[in-house]
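# Inside the fold
Residue strings, one per chain:
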Amino acid sequence: SKSGFEGPWTHTPTIFSNGFFRDLLDNEWVETQSPMNKTQFTDKATGSLMMMHTDMAFKTDPEFRKIAEEYKEDNDLFLRDFAAAWEKLINAD
């Protein structure tokens with residue numbers, strides 16, 4: 001990858017869902033280096049998933065964590081909020 005980061009965020013990267021939040025919050029993460037020497041985090045259980053520092057903010061920041069927990073527990077809420085945000089974004093002037 002041109003970004004220098006290596007690996008998927010979820011085990012199901014082709015399914016649009018709250019899987020990112022489930023994987024982020026349910027896993028333990030270890031700081032590692034990508035093949036291009038970029039700092040990233042790898043899941044301790046399988047070593048196959050990756051997160052960036054910006055992703056980890058959803059887990060470590062108390063205000064972001066509250067929202068991430070809500071999305072982890074309620075896929076419909078995540079999908080509704082995403083759809084509303086996406087519609088607002090694509091219709092912005």
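Position labels on residues start from 1 in each chain and follow its written sequence. Local features in this predicted model are restricted to residues of pLDDT 70 or higher, and side-chain atom pairs are both shown and tallied only at a pLDDT of 80 or more, whereas totals for entire chains, interfaces and linings draw on every residue. Think of the side-chain values as coming from all heavy atoms in the structure, minus any hydrogens and water.

## Some points on the packing of helix α2 (residues 53-60) against helix α3 (residues 62-73)
Think of each axis as a best-fit line through the C-alpha atoms, taken over the contacting stretch in the case of a helix, with angles from 0 to 180 degrees between the N-to-C directions. Secondary structure follows DSSP: runs of H or I at least 4 residues long count as helices, runs of E at least 2 residues long count as strands, and numbering of each begins at the N terminus. The interhelical angle for the contact between α2 and α3, taken along N-to-C directions, is 85°, at an axis separation of 5 Å. Relative to α3, α2 is oriented roughly perpendicular. Here α2 contributes Ala 57, Phe 58, Lys 59 and Thr 60 to the contact with α3, which in turn contributes Pro 62, Phe 64, Arg 65 and Ala 68. Each residue receives one of three labels: charged for Asp, Glu, Lys and Arg, nonpolar for Ala, Val, Leu, Ile, Met, Phe, Trp, Tyr, Cys and Pro, and polar for the others, Gly being one of them. Taken together, the residues that form the contact of α2 with α3 break down as five nonpolar, one polar and two charged. Roughly parallel refers to an angle under 35 degrees, roughly antiparallel to one over 145, roughly perpendicular to one between 65 and 115, and oblique to any angle outside these ranges. Pairs of residues are marked as contacts when any of their non-hydrogen atoms sit within 4.5 Å.

## Observations concerning the packing of helix α1 (residues 19-26) against α2
Packing of α1 against α2 leaves a shortest axis separation of 10 Å and a crossing angle of 75°. Comparing their axes, α2 and α1 come out roughly perpendicular. Within the contact between the two elements, α1 uses Phe 20, Phe 21, Leu 24 and Leu 25 and α2 uses Asp 55, Met 56, Phe 58 and Lys 59. The class makeup of the residues in the contact of α1 with α2 is six nonpolar, no polar and two charged.

## Considerations on the layout of surface pockets
The rolling of a water-molecule-sized probe over the atoms marks out the regions of remaining empty space. Here a cavity is any set of points on a 1 Å grid over the protein atoms alone where a 1.4 Å probe fits but cannot get out, and a pocket is any open set with protein on both sides within 12 Å along at least 5 of 7 lines; a residue lines the site when it has an atom within 4 Å of a point. Grid points are joined across faces, edges and corners, and a volume is the space filled by probe spheres set on the points. Taken as a whole, the largest pocket spans an internal volume of roughly 200 Å³. Every residue lining the largest pocket is listed: Pro 8, Trp 9, Thr 10, Thr 12, Pro 13, Ile 15, Phe 16, Ser 17, Gly 19, Phe 20, Phe 21 and Phe 78. Looking at which element gives the most residues to the lining of the largest pocket, the answer is α1, with three residues. Classifying every residue of the lining of the largest pocket by side-chain character gives eight nonpolar, four polar and no charged.

## A few points about the environment of His 53
Examined against the element boundaries, His 53 turns out to sit in helix α2. Considered as a pair, His 53 and Gly 4 are 49 residues apart in the sequence and their alpha carbons are 14 Å apart. Contact partners of His 53, with chain neighbours within four places excluded, come to Glu 31, Thr 39 and Phe 41.

## Remarks on unusual backbone geometry
Note: most peptide bonds trans; most residues except glycine with negative phi. Located in the positive-phi region is Asn 37, a residue other than glycine, with phi close to 65°. Along the chain, Asn 37 turns up in the loop between β1 (29-33) and β2 (39-43).

## Topic: a nonpolar patch on the surface
On the surface, a cluster of nonpolar side chains totalling about 550 Å² of accessible area is made up of Phe 16, Phe 82, Trp 86, Leu 89 and Ile 90. Structurally, Leu 89 is set in helix α4 (residues 75-90). Grouping into patches uses exposed residues only, defined as over 30% relative accessible area, and leaves out salt-bridged ones; the cut-off is 9 Å for like charges and 5 Å for nonpolar side chains (Val, Leu, Ile, Met, Phe, Trp, Tyr). Surface accessibility in these figures is a Shrake-Rupley result with a 1.4 Å probe; residues are shielded only by whichever protein chains are displayed. Each salt bridge in this description consists of a side-chain nitrogen of Lys or Arg and a carboxyl oxygen of Asp or Glu lying within 4 Å of one another.

## A closer look at the nonpolar core
Residues belong to one nonpolar core when they are buried, are Ala, Val, Leu, Ile, Met, Phe, Trp, Tyr or Cys, and are joined through side-chain atoms within 4.5 Å. Whether a residue is buried, partly exposed or exposed follows from its accessible area with a 1.4 Å probe, protein chains only, as a fraction of its type maximum: under 20%, in between, or over 50%, in that order. Ranked by internal contacts, the top residues of the largest apolar core, which has 13 residues, are Phe 21, Leu 24, Trp 29, Met 51 and Met 56. Only α1, α3 and α4 provide two or more residues apiece to this core. Considering every element that reaches this core, the biggest residue donor is α1, with four residues. Look past the residues within four positions of Leu 24 in its chain and what remains in contact with it is Trp 29, Met 51, Asp 55, Met 56, Phe 58 and Lys 59.

Taken by themselves, the reported measurements are silent on function.
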